[in-house]
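Structural overview
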Amino acid sequence: MKTLTLTKPDDWHLHVRDGEQMRAALPHTARQFARAIIMPNLRPPVVSVAMALSYRDRILAALATAAQQYTFEPLMTLYLTDHTSPQEIIRAKESGKIHAVKLYPAGATTNSDAGVTDLAKCYSTLATMEKIDFPLLVHGEVTDPDVDVFDREGIFIDQVLTPMIRQFPALRIVFEHITTRDAVSFVQESSHPIAATITAHHLLLNRNAIFQGGINPHHYCLPVLKRETHRQALVEAAISGNPKFFLGTDSAPHAQTAKENACGCAGIFTAHAALELYTSVFEQAGALDRLEAFASFHGADFYRLPRNQEQIVLRKENWSVPEQFEYAGDNLIPFRANTTLTWRMT
Ligand code: DOR
Ligand code: ZN
């Protein structure tokens, strides 16, 4: 039987929610990954060190009472607002438990209303981050409602990211969940300390998947899926061996009732099979030998954290993804629900 042994991977971009929803979502990630960068877009958002540390405590408490025991470390982030102070950034770094600051342009996605309205308001904070070498994670989409939703990433590169890296040439940046050939080229060609995460769903699907056989809310996420040529560019980047590209699922659980709704939420839940999904992409591209670096080395190196020591094993084996999971009194519809996957983590 074909097996694949890898250094235990990390998820460098995860939404795991809070409360009962967090207790339902977290085990899926803790089973597969040693660590994850925890996104701060809660309601209210995680805007202070105190909030991030208390969120971390809630995650650790949930792990301690979970049905199974996991060794999993949540890597916390702060949600950048127009009012985040340089002092708060310094305290975040000193905590040793907060690893980055997340920039959501206000209105770009789920719970981003409190995000940044004008980057100029954050200049002293960004300058401090640059000085103390604290990474900025960006949701790279402009929010101007007049900009076509499929063009928002490309325009963000020109209007926001390019000026930002000129202004802060040493600021370490992760361009999160990139979705376009433009973003791939930008990251590849930039001499700036910039890396990018790539999700499993953007590697597997193009935008046709949103409309196949009728509108499918479970394939709606932000940034929205793009054309096939962009998907191909993402696969090329992921399998390239370039350390600027690494795994970040952007697994984003929403209750079935919030997804299958006249105004459905953005977000695709992939944590139940994240590694298996990435493995199938690398297998199809004939690049299984590059999976470990993408999943387990590049992200840790970029964040200057030690690589994991433990190993995990994936086996070539068919299994069916459940139709749904329990989710705080509602259902959670997983990516590829009711279909057969061909790799399984043992
Ligand atoms: O699809 C998404 N869902 N994209 C995001 O940026 C946020 C996320 C969420 O929190 O649901
Ligand atoms: Zn996200």
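Residues numbered from 1 in each chain as written. Chains lettered and ligands numbered in written order. Predicted model: local features only at pLDDT ≥ 70, side-chain atom pairs only at ≥ 80, totals over all residues. Heavy atoms only, no water.

The zinc ion (ligand 2) binds to the protein through His-13 (NE2), His-15 (NE2) and Asp-250 (OD); the donor distances cover 2.0 to 2.1 Å. For the zinc ion (ligand 2), all donor residues lie on one chain, and their spacing in sequence is H-x1-H-x234-D. Pair noted here: His-13 is in strand E2 (residues 11-14) and Asp-250 is in the loop between strand E9 (245-247) and helix H9 (256-259), with a separation of 237 residues, a long-range link. You'll find His-13 and Asp-250 in the same group, each marked buried. (Donors = N, O, S within 2.8 Å, 3.2 Å for Na, K, Ca; no water. Helix = DSSP H or I, 4+ residues; strand = E, 2+ residues; numbered from the N terminus. Buried < 20%, exposed > 50% of the residue type's maximum accessible area, 1.4 Å probe, protein only.)

Take Thr-179: it is sitting in the loop between strand E7 (173-175) and helix H6 (181-189). Of note is the side chain of Thr-179, whose polar atom sits 2.9 Å from the side chain of Glu-153. Within the local environment of Thr-179, its side chain forms a polar contact with the side chain of Lys-226, the two groups lying 2.9 Å apart. With residues up to four places along the chain from it excluded, the contact list for Thr-179 reads Glu-153, His-202, Pro-223, Val-224, Lys-226, His-230 and Leu-234. (Polar contact = N/O pair within 3.5 Å; in protein donor to acceptor, adjacent residues only side chain to side chain. Contact = heavy atoms within 4.5 Å.)

Another aspect to go through is helix H3 (residues 86-95). Residues of H3 that are buried: Pro-86, Glu-88, Ile-89, Ala-92 and Ser-95. As for H3, its buried residues are in contact with helix H2 (49-65), strand E4 (73-79), strand E5 (98-103) and helix H4 (123-132). Looking at the residues trailing H3, positive phi occurs at Gly-96, about 75°.

A few words now on the site of ligand 1. Around ligand 1, the surrounding shell holds 13 residues, and the nearest of these are Arg-17, Asn-41, Thr-109, Leu-222 and His-254. In the model, an oxygen atom of ligand 1 is placed 3.1 Å from a nitrogen or oxygen of the Thr-109 side chain. Within the backbone of Gly-267, a nitrogen or oxygen atom sits 3.2 Å from an oxygen atom of ligand 1. Relative to its free-state accessible area of 290 Å², ligand 1 is covered by the protein chains to the extent of 100%. Grouping the constituent residues of the shell around ligand 1 by class yields four nonpolar, seven polar and two charged. (Near = heavy atom within 4 Å. Areas by Shrake-Rupley, 256 points an atom, 1.4 Å probe, with all protein chains shown as cover. Nonpolar A, V, L, I, M, F, W, Y, C, P; charged D, E, K, R; others polar.)

As a packed pair, helix H5 (residues 152-167) and H6 sit with axes 9 Å apart at the nearest point and diverge in direction by 20°. In terms of orientation, H5 and H6 fall into the roughly parallel class. Note on packing geometry: the crossing formed by H5 with H6 is right-handed. Seen from H5, the contacting residues are Glu-153, Ile-157, Leu-161, Thr-162 and Ile-165; seen from H6, they are Asp-182, Ala-183 and Phe-186. Its residues assigned to classes, the contact of H5 with H6 comprises five nonpolar, one polar and two charged. (Axes fitted to C-alpha atoms, helices over the stretch in contact; angles between N-to-C directions. Parallel < 35°, antiparallel > 145°, perpendicular 65-115°, else oblique. Left-handed = near helix turned anticlockwise from the far one by under 90°.)

Let's shift gears to the sheet that holds E2. The eight strands lie next to each other as E2-E3-E4-E5-E6-E7-E8-E9, forming an open sheet whose pairing is parallel. The open sheet has two edge strands, E2 and E9, and neither has a second partner. Mean inter-strand twist for the sheet, computed between neighbouring axes without regard to direction, equals 30°. When strand E6 (residues 136-138) meets E7, the two strands line up parallel, connected through three bridges. Bridged to Val-138 within E7 is Phe-175. (Pairing = 2+ DSSP bridges.)

Across the two faces of strand E3 (residues 35-38) the burial is the same, with Arg-35 and Ile-37 and Ala-36 and Ile-38 all buried. Sheet topology note: the E2/E3 ladder contains two bridges and is parallel. By the bridge assignment, Leu-14 is partnered in E3 with Ile-38. Viewed along the sheet, the connection from E2 through helix H1 (residues 19-32) into E3 turns out right-handed. Sheet analysis places E3 next to E4, joined by three bridges and oriented parallel. Residue pairing for E4: Ala-36 is matched across the bridge by Pro-74. Handedness of the crossover joining E3 and E4 through H2: right-handed. (Right-handed = clockwise from strand over helix to strand, strands pointing away.)

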